[in-house]
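# Structural overview
One letter stands for each residue in the lines below.
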Amino acid sequence: LCVWALCFVPHAEAELLRVVALIGTRPEAIKMAPVIWELQRHPDTIECYVVDTGQHVQMLRPLLRFFRITPNVSLSIMTRSQSLASLSSQLATKMDRALRKIEPHIILVQGDTTSAFVSGLTAFYNQIPVG
């Protein structure tokens, strides 16, 4: 991750750059862990919020413990026998709420999962850059 590249994300110079790092599945956590660690190494300039969608909660929790990553927000979107349409609508609603509360300058997503797609789309709807 080139942290300096985040300097080009529009924000007031006096405030910390607020970055949301999204994880929802095991592969996303594996790939985003080094990015999250790097963001967290710069607390004087970057405020990193880890948002866990809960798409694969059973497989994700042990991995988060292993990587020593604690989500700031857990959306807990999964329910029993849930359809992708239901998952998507719940995620869009809960992610919209989280983004409005955090007010990030950028959201980082990874992969081709429902979590990445819907979160990126919700960020776009809120005029938040997606990386």
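Structure's up top.
Figured I'd write up the structure that's included with this text. Only a predicted model underlies this, so the values are computations on that prediction, with no experimental measurement involved.

## Topic: the sheet that holds strand 2 (residues 46-52)
Each strand in a sheet pairs with its neighbour through backbone hydrogen bonds, running either in the same direction (parallel) or in the opposite one (antiparallel). Taking strand neighbours across the sheet as the criterion, the four strands line up as 3-2-1-4 in an open arrangement whose pairing is parallel. Only two strands of the sheet have a single neighbouring strand rather than two, namely strand 3 (73-74) and strand 4 (106-108). Pairing analysis gives three bridges linking strand 1 (residues 17-23) to strand 4, with the strands arranged parallel. Bridging from a neighbouring strand, Val 20 pairs with Ile 107 of strand 4. In the packing of helix 1 (residues 26-40) onto the sheet, contacts are made with strand 1, strand 2 and strand 4, and the angle to strand 1 comes to roughly 160°.

## Overview of the packing of aromatic side chains
How two aromatic rings sit relative to each other is given by the distance of their centres and the angle of their planes. If you walk through the whole model with that rule in mind, you get three aromatic pairs. A ring pair is formed by Trp 37 and Phe 67, whose centres lie 5.7 Å apart and whose planes are at 75°; its orientation type is edge-to-face. Here Phe 67 lies in helix 2 (residues 57-67) and Trp 37 lies in helix 1, a separation of 30 residues in the sequence. Ring plane angle 50° and centroid distance 6.3 Å describe the contact between Phe 124 and Tyr 125, whose orientation is recorded as tilted. Exposure remark for Phe 124: the relative accessible area of 58% places this residue in the exposed category. The class for Tyr 125 is exposed, based on a relative accessible area of 60%. Ring pairing ties together the aromatic residues Trp 37, Phe 66 and Phe 67, which thus form one cluster.

Rules used in this analysis
- Residues numbered from 1 in each chain as written.
- Predicted model: local features only at pLDDT ≥ 70, side-chain atom pairs only at ≥ 80, totals over all residues.
- Heavy atoms only, no water.
- Pairing = 2+ DSSP bridges.
- Helix = DSSP H or I, 4+ residues; strand = E, 2+ residues; numbered from the N terminus.
- Contact = heavy atoms within 4.5 Å.
- Axes fitted to C-alpha atoms, helices over the stretch in contact; angles between N-to-C directions.
- Phe/Tyr/Trp six-rings, centres within 6.5 Å; stacked < 30°, edge-to-face > 60°.
- Buried < 20%, exposed > 50% of the residue type's maximum accessible area, 1.4 Å probe, protein only.

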